[in-house]
Each structure stands twice: as C-alpha cells, then as structure tokens.
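So the chains spell out like this:
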Amino acid sequence: MRMLDGVAPLAERYDGFILDLWGVVHDGRQPYPGVADALGRLKAAGKRIAFLSNAPRRSFVVDALLTGMGLDRALWDGTMTSGELAWRHLKHRDRADFAALGMRALHIGPERDLSVPAETGLVLVDRAEDAEFVLNTGPEPARGNTDIEPYRAALTACAARHLPMVCVNPDRHVMVGDQRVLCAGALADLYVALGGPAAIEIGKPDPACYPPVLELLGLSDRSRIVAIGDSPHTDLAGAQAAGIDAVWALTGLVAHAHGATPDPERLAAEAAAEGVRPVATLSALRW
C-alpha cells in the first residue's frame, strides 16, 4: 500500500471525497489537528466533499455537532448518516423488511438518537412484551458504553420473543477521545448470540449507502471519487463493495490498536483478513 502523510496527493487524482467522521475528521470531541485546513484546501481546489457516517442520528443533528466543534459548514457539501437512511426506511417503508416491522419499537439507545424514530409514526415502548421490533441505536448513558453486560437482560427478553432488530450503526466500536466505546453493532452481535435474529443493519459496509452520497457530491464517475475511513470492516469494505477507491486513515481505531506508527506488515495482514484492498494509507486528514 502507498503510504501518504496528507491528502494533497489525493487531490491530484480525485474530484470527490467521501469522509468518515469519528476517527477521521474528529475524535468524538474535537476535530483532529489540520482537518479544517485540509478541508479548506480541498474546497479551494474545487473538490466535492461529503461525510458518510454510521452515526445513528439524522444528518442535520450531525451537522450541528460538527459546527459545534468549530468546523465551518462551508467546508463540506453534504452529510449522510446511517440514522438518516434508517429514518427514510422507517418513514416510507420502502423495503420489504421495513414494511414487515410493525409500528411499536423498543428503543435501545440514548435520547440524542431520537431523531431516527421522530416523525415516522413509531410508538416507542419500554417492555419487550409490548414491542414488535427492537430499534438499536447503541449504548445508553444509564447503562454505559464500555461494558456490554448491562444490556444482556433487555436483549435476552427481546430475543426470547424473536423480535426483529434494526441496527442503526453497524460499527462495533468507535473511539471517543482516547476511549474505545461500544456501538450498536456490538449489541447486535450479542443479540444473535442470545438467540435473536440477525439484525437489519443500516450503514456501511452496505453499498446501498453510497448512491445517496454520490447525489450529495453531484458526481457519478466513481473512478474519480475516493473514500477515507479508519475501519476496514465498514469504511473500506463499504467503499470497495460500491466500486470506490478506499484510503485507510491511520487515526481513530487504527491508532488505538496499532499505535502512532503502525507496522505496515500488520496493517497488510489486517486488510487481508478483512478482504479489503485500500489504495493507500493516510497518516491523518491533513494537507
């Protein structure tokens, strides 16, 4: 793999940039050093930029988070989230699996994710016996985000009724600051282990995430678009499945697992194990 220290060489090759957020643009609390400058230089060069995140909340919520971190909204052209995609499916019931769900959902997740069921007609219930499906957006403040055990009892009750689950964030973990925390995908894994059905996962690596992002970019030639992410399982695999070149950011989960200067051979082995072939690695999202 080609080893890049910044995005300047990519600007020579690509017109559109699809960027992951957590672990690439920011650490969950603040943008990484050099990110605003890099985005500004890409925009000045006429490049199109869209964020594609497995955040389990709607796009406008994530945009507000980013501007709250001090990023100028003019630095990107649009945002697509797994929460936005799930909201569309829940509202319009445009897929057979969503049409079959029913309207009563047990929500596992924090209040900040309530933009997903809002305005869809869903009724949120508190008990498994009252639910027709599980809406899983991830860990809750009351039960914590580092240990999966506090979720076992609720998931066991849902699995006993074999309730369908919608998982609105296929990530298993994400970095928030220097802490590795659980995501909805980890709860979905436990649900299957407890006898529940495999979740309907919305978000990367599903290639269906990418056409809405291409609309935001206003680009159709996938050979002129590159995706940058820190997760081989979601970011790199998703881009590859969509026929888009992927660059592996060595921040976020990679830095946590491999340190500041990852061993190229270990990275190559991990990529091979995930079945992905990134065109390059990127030390950080900077110019």
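Everything discussed here concerns the structure shown above.
Note that this is a predicted model, so its numbers are computed, not measured.

A word on the pattern of salt bridges. With the rule as written, the count across this model stands at 19 salt bridges. Two residues, aspartate 15 and arginine 224, come together in a salt bridge whose shortest N-O distance is 2.9 Å. Of this pair, aspartate 15 sits in the loop between helix H1 (8-11) and strand E2 (16-19) while arginine 224 sits in the loop between helix H8 (210-217) and strand E12 (225-229); the two residues are 209 residues apart in sequence, bridging distant segments of the chain. Aspartate 15 gets classed as partly exposed once you look at its relative accessible area, which sits at 27%. For arginine 224, a relative accessible area of 27% gives the class partly exposed.

Here helix H6 (residues 152-160) crosses helix H7 (residues 184-193) at 55°, and the two axes come no closer than 9 Å. When the axes of H6 and H7 are compared, the pair comes out oblique. Crossing of H6 against H7: the hand is right-handed. Note on element contacts: H7 touches H6 through Leu187, Leu190 and Tyr191, opposite Arg152, Leu155, Cys158 and Ala159. For the contact of H6 with H7, a count of residues per class yields six nonpolar, no polar and one charged.

Going through the model one piece at a time under the given rule, you end up with one aromatic pair. A ring pair is formed by phenylalanine 51 and tryptophan 76, whose centres lie 5.1 Å apart and whose planes are at 40°; its orientation type is tilted. Separated by 25 residues along the polypeptide, phenylalanine 51 in strand E3 (residues 48-53) and tryptophan 76 in the loop between helix H3 (59-68) and strand E4 (78-81) bring together distant segments of the chain. For the pair phenylalanine 51 and tryptophan 76, one class covers both residues: buried. Stacked on the ring of tryptophan 87, the Lys or Arg arginine 58 has its end atom at 3.5 Å from the ring centre.

Here the focus is the side chain of histidine 258. Locating histidine 258 in the fold gives a position in helix H10 (residues 253-258). Side-chain polar atoms of histidine 258 contact the side chain of arginine 266, separated by 3.4 Å. Within polar-contact distance, the side chain of histidine 258 engages the side chain of glutamate 270 at 2.6 Å. Each residue touching histidine 258, except ones within four places of it in the same chain, is listed here: Arg266, Leu267 and Glu270.

Our focus in this paragraph is H3. For H3, the full list of buried residues reads Ser59, Val62, Asp63 and Leu66. Axial view of H3: buried residues confined to an arc of 105°, hence all on one face. Away from the buried face of H3 by more than 90 degrees, exposed residues Phe60 and Gly68 are located. In the segment just after H3, glycine 70 is the residue with positive phi, at about 100°.

Each strand in a sheet pairs with its neighbour through backbone hydrogen bonds, running either in the same direction (parallel) or in the opposite one (antiparallel). The strand order across the open sheet built from seven strands is E1-E14-E13-E12-E2-E3-E4, with neighbouring strands paired in parallel fashion. Pairing within the sheet leaves two strands with one partner each, and these edge strands are strand E1 (2-4) and E4. Across the sheet, the mean angle from the axis of one strand to that of its neighbour is 25°, orientation sign disregarded. When E2 meets E3, the two strands line up parallel, connected through four bridges.

A cis amide bond links lysine 204 with the next residue in sequence, proline 205, at an omega value of 20°. Even without glycine at this site, arginine 93 takes up a positive phi of about 50°. Here arginine 93 shows up in the loop between helix H4 (82-92) and helix H5 (96-99). Phi is positive for histidine 162, which is not a glycine, with a value near 55°. Mapped onto the secondary structure, histidine 162 falls in the loop between H6 and strand E8 (165-167).

Quick notes on the rules
- Residues numbered from 1 in each chain as written.
- Predicted model: local features only at pLDDT ≥ 70, side-chain atom pairs only at ≥ 80, totals over all residues.
- Heavy atoms only, no water.
- Salt bridge = Lys/Arg side-chain N within 4 Å of Asp/Glu carboxyl O.
- Helix = DSSP H or I, 4+ residues; strand = E, 2+ residues; numbered from the N terminus.
- Buried < 20%, exposed > 50% of the residue type's maximum accessible area, 1.4 Å probe, protein only.
- Axes fitted to C-alpha atoms, helices over the stretch in contact; angles between N-to-C directions.
- Parallel < 35°, antiparallel > 145°, perpendicular 65-115°, else oblique.
- Left-handed = near helix turned anticlockwise from the far one by under 90°.
- Contact = heavy atoms within 4.5 Å.
- Nonpolar A, V, L, I, M, F, W, Y, C, P; charged D, E, K, R; others polar.
- Phe/Tyr/Trp six-rings, centres within 6.5 Å; stacked < 30°, edge-to-face > 60°.
- Lys NZ or Arg CZ within 6 Å of the ring centre and 35° of its normal.
- Polar contact = N/O pair within 3.5 Å; in protein donor to acceptor, adjacent residues only side chain to side chain.
- Arc of directions from axis to C-beta.
- Pairing = 2+ DSSP bridges.

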